[in-house]
Amino acid sequence: MAKKVVKVGFIGCGGIAGYHFGHFADQKIPEAQITAVCDLVDERAAAAAERFSARPYKDYKEMLSKEKLDAVYVCVEPCAHNGMELLAIEKGCHLFVEKPVCLDLKYARKVEAALKSKKRIHAAGFQDRYLDFVPMMKNWVASQKVGFFNAWWVGGMPGVWWWRRRDTSGGQAVEQTIHIFDMCRHLFGEVVEVQAFGRRGVIDDVENYDTEDASAVNLKFANGIIGTVYSGCFVRGPGSKSGIEVYTLDGHLDYVERVSVTITEKNRTISAKTGNDYGLEEDMAFIDAILENDQSLIISSYSEAVKSLEVTLAANESMDNGGKVVKLSGK
């Protein structure tokens with residue numbers, strides 16, 4: 001009997017879709033085939049279609065109507081989630097949504113409810129959870145008495161048009177540093193309080209730019225752990241930094257995002273560098289989960305992404321209201 005091949009469609013063929021395309025190219029995931037692609041930019045859809053011998057579309061509704069797909073990747077701008085997830089679910093498709101899954105928490109929860117109701121496999125684009133040393137890092141943190149942590153995503157401003165505006169990107173905390181917030185949740189559990197302050201005025205020479213140049217977000221977790229996550233998109237010289245430092249009763253953990261982890265204790269030092277293609281493993285897990293009908297194979301589910309979105313949107317709410325403390329359920 002021939003093995004089942006998962007037929008995959010893409011809504012959005014821009015930069016992050018290209019990241020996933022690389023994992024599906026050259027039979028790296030032989031159990032999956034991209035058969036349809038959609039993008040508002042004709043040239044991008046045509047190029048992706050040619051690469052995978054797929055059919056190009058400009059309208060995702062037409063693609064989902066005409067194609068019989070097993071799975072759909074949604075790789076659009078944060079502001080562009082306008083119903084494609086719900087239609088894909090209704091058409092019987094399993095769903096992978098790039099982060100942030102949208103900018104509207106009510107919409108995200110509606111999609112989450114539909115996924116669960118229709119029993120679709122779901123994943124979101126937090127590839128850092130698939131780093132090979134993350135289980136070791138998570139286990140070490142669980143064995144420690146954590147005092148606090150500091151975390152960062154500090155660098156330059158991405159050049160895509162939609163990133164520089166809060167209404168289209170959500171701002172840096174929501175669109176970019178959400179990777180760090182998600183890893184903090186993965187390590188420490190659920191957040192119960194958020195307080196944030198933003199800074200503008202460092203960047204004054206970019207047209208149509210209105211988001212924060214920098215922010216500091218204080219988090220309190222259900223287990224009592226506290227920490228601060230810093231974001232900055234203003235750096236044009238040295239000083240870029242991304243990762244998490246954890247301070248405990250008996251040691252210290254330094255995670256350099258997507259690069260390495262170093263754990264220092266009184267009598268030993270443990271270090272590891274990234275040794276796997278974590279992005280490929282993320283996509284392989286999604287396809288394997290579909291084939292096995294086993295949601296537990298997904299480390300970064302849509303439901304997890306909704307929780308991380310809630311934290312970052314709470315940070316925006318706090319920033320916009322003078323540092324008001326925003327309480328979350330912690331569930």
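Just so it is clear, the model here is predicted, and its values are computed rather than measured.

The rules behind the values
Along each chain, numbering runs from 1 in the same order as the chain's sequence is written. Two thresholds apply to this predicted model, a pLDDT of at least 70 for residue-level local features and 80 or more for giving and counting side-chain atom pairs, whereas whole-chain, interface and lining totals are computed over all residues. Only hydrogens and water are set aside when side-chain values are computed; all heavy atoms of the structure are taken into account. For helices the rule is a DSSP run of H or I covering at least 4 residues; for strands it is a run of E covering at least 2, with both sets numbered from the N terminus onward. To get the radius of gyration, use the C-alpha atoms; to get the globule rule, take the number of residues to the power 0.38 and multiply by 2.2 Å. Per-residue accessibility, obtained with a 1.4 Å probe over protein chains only, is compared with the maximum for each type, and a residue is labelled buried under 20%, exposed over 50%, and partly exposed between these values. It only takes one pair of heavy atoms within 4.5 Å for two residues to be counted as in contact. Exposure was quantified through the Shrake-Rupley algorithm and a 1.4 Å probe, taking into account, for residues, occlusion by the shown protein chains and nothing else. Charge assignment in this entry is limited to Lys and Arg as positive and Asp and Glu as negative, and neither His nor the chain termini are counted. Charge coordinates come from a single atom per side chain, which is NZ of Lys, CZ of Arg, CG of Asp or CD of Glu. Two N or O atoms form a polar contact when they lie within 3.5 Å of each other; inside protein one atom must be a possible hydrogen donor and the other a possible acceptor, and for residues adjacent in sequence the pair counts only when both atoms belong to side chains. Should DSSP find at least two bridges between two strands, the strands are taken to pair. Every angle, taken between N-to-C directions, lies between 0 and 180 degrees, and every axis is a line fitted to C-alpha atoms, over only the stretch in contact when it is a helix. What makes a nonpolar core is a set of buried Ala, Val, Leu, Ile, Met, Phe, Trp, Tyr and Cys residues whose side-chain atoms join them at distances within 4.5 Å.

Novice: I'm lost on the overall build of the chain in this one. Help?
Specialist: Looking only at helices and strands, one finds 11 helices and 15 strands in the chain. Relative to the 2.2 N^0.38 estimate, which gives 20 Å for 331 residues, the radius of gyration of the chain is 20 Å and therefore close to what a compact globule would have. Each of the three principal axes of the chain carries a C-alpha extent, and together these read 55 × 50 × 40 Å. Among the 331 residues that make up the chain, the fraction classed as buried is 56%. Across the chain, the fraction of contacts at a sequence separation of at least 24, relative to all contacts at a separation of at least 6, is 70%. A total of about 14,900 Å² of accessible surface is found on the chain, and carbon and sulfur atoms cover 50% of it. Here the chain holds 40 positive side-chain charges and 45 negative ones, and the gap between their average locations is 5 Å.

Novice: It is not clear to me how the environment of glutamate 257 should be interpreted in this structure. Could you clarify?
Specialist: Here glutamate 257 is to be found in the loop between β12 (251-256) and β13 (260-265). Exposure remark for glutamate 257: the relative accessible area of 9% places this residue in the buried category. Side-chain polar atoms of glutamate 257 contact the side chain of arginine 258, separated by 3.3 Å.

Novice: What should I look at first to understand the sheet that holds strand β15 (residues 326-327) in this one?
Specialist: Paired through their backbone hydrogen bonds, the strands of a sheet run either parallel or antiparallel. Taken together, the 9 strands give an open sheet; going across it, the order is β14-β13-β12-β11-β7-β10-β9-β8-β15, and neighbouring strands pair in mixed fashion. The sheet terminates laterally at β14 (269-273) and β15, the two strands that pair on one side only. Contacts between helix α6 (residues 134-142) and the sheet are confined to β7 (146-154), β11 (241-248), β12, β13 and β14, with β12 contributing the most and set at about 150 degrees to the helix.

Novice: Honestly, the environment of valine 154 in this entry has me stumped. Any pointers?
Specialist: Secondary-structure assignment places valine 154 in strand β7. For the pair valine 154 and glutamine 176, spaced 22 residues apart in sequence, the C-alpha separation works out to 9.9 Å. When near neighbours in sequence (up to four residues on either side) are disregarded, valine 154 contacts Gly232, Val235, Gly239, Ser240 and Lys241.

Novice: Would you mind going over the nonpolar core with me for this structure?
Specialist: Core analysis: the biggest nonpolar cluster contains 68 residues, and Val8, Phe10, Phe24, Phe149, Leu219, Ile244 and Phe286 have the highest contact counts within it. Per element, the largest residue contribution to this core is 7 residues, and it comes from helix α10 (residues 278-292). Excluding residues within four positions of it along the chain, phenylalanine 286 makes contact with Ala71, Tyr73, His94, Leu95, Phe96, Ile121, Ala123 and Ile298. Membership of the second largest hydrophobic core comes to 34 residues, among which are Cys93, Cys102, Tyr107 and Ala305.

Novice: How should I be thinking about unusual backbone geometry in this particular structure?
Specialist: Trans is the common state for peptide bonds, and a negative phi is the common state for residues other than glycine. The residue after lysine 99, namely proline 100, is reached through a cis peptide bond having omega -20 degrees. The backbone of serine 53 shows a phi angle near 55 degrees, a positive value even though the residue is not glycine. Residue placement: serine 53 occurs in the loop between α2 (42-52) and β3 (55-57). For serine 53, a relative accessible area of 67% translates into the label exposed.

Novice: Sorry if this is basic, but what is going on with the side chain of lysine 99 here?
Specialist: Along the chain, lysine 99 falls in the loop between β5 (94-97) and α5 (105-118). For lysine 99, a relative accessible area of 13% corresponds to the buried category. Other than its neighbours up to four places away in sequence, lysine 99 contacts Gly125, Phe126, Glu175, Gln176, Ile178 and His179.

Novice: Which parts of the structure should I look at to understand the sheet that holds strand β1 (residues 6-11)?
Specialist: Spatial strand order, β3-β2-β1-β4-β5-β6: 6 strands in an open sheet with parallel pairing. Looking along the sheet, the strands with just one partner apiece sit at the ends: β3 and β6 (122-124). The average undirected angle you get between the axes of adjacent strands in this sheet is 20 degrees. By the bridge criterion, 3 bridges tie β5 to β6 in an arrangement that is parallel. Within β6, the residue paired with phenylalanine 96 across the bridge is alanine 123. Relative to the sheet, α2 contacts β2 (32-38) and β3, its axis offset from that of β3 by approximately 165 degrees.

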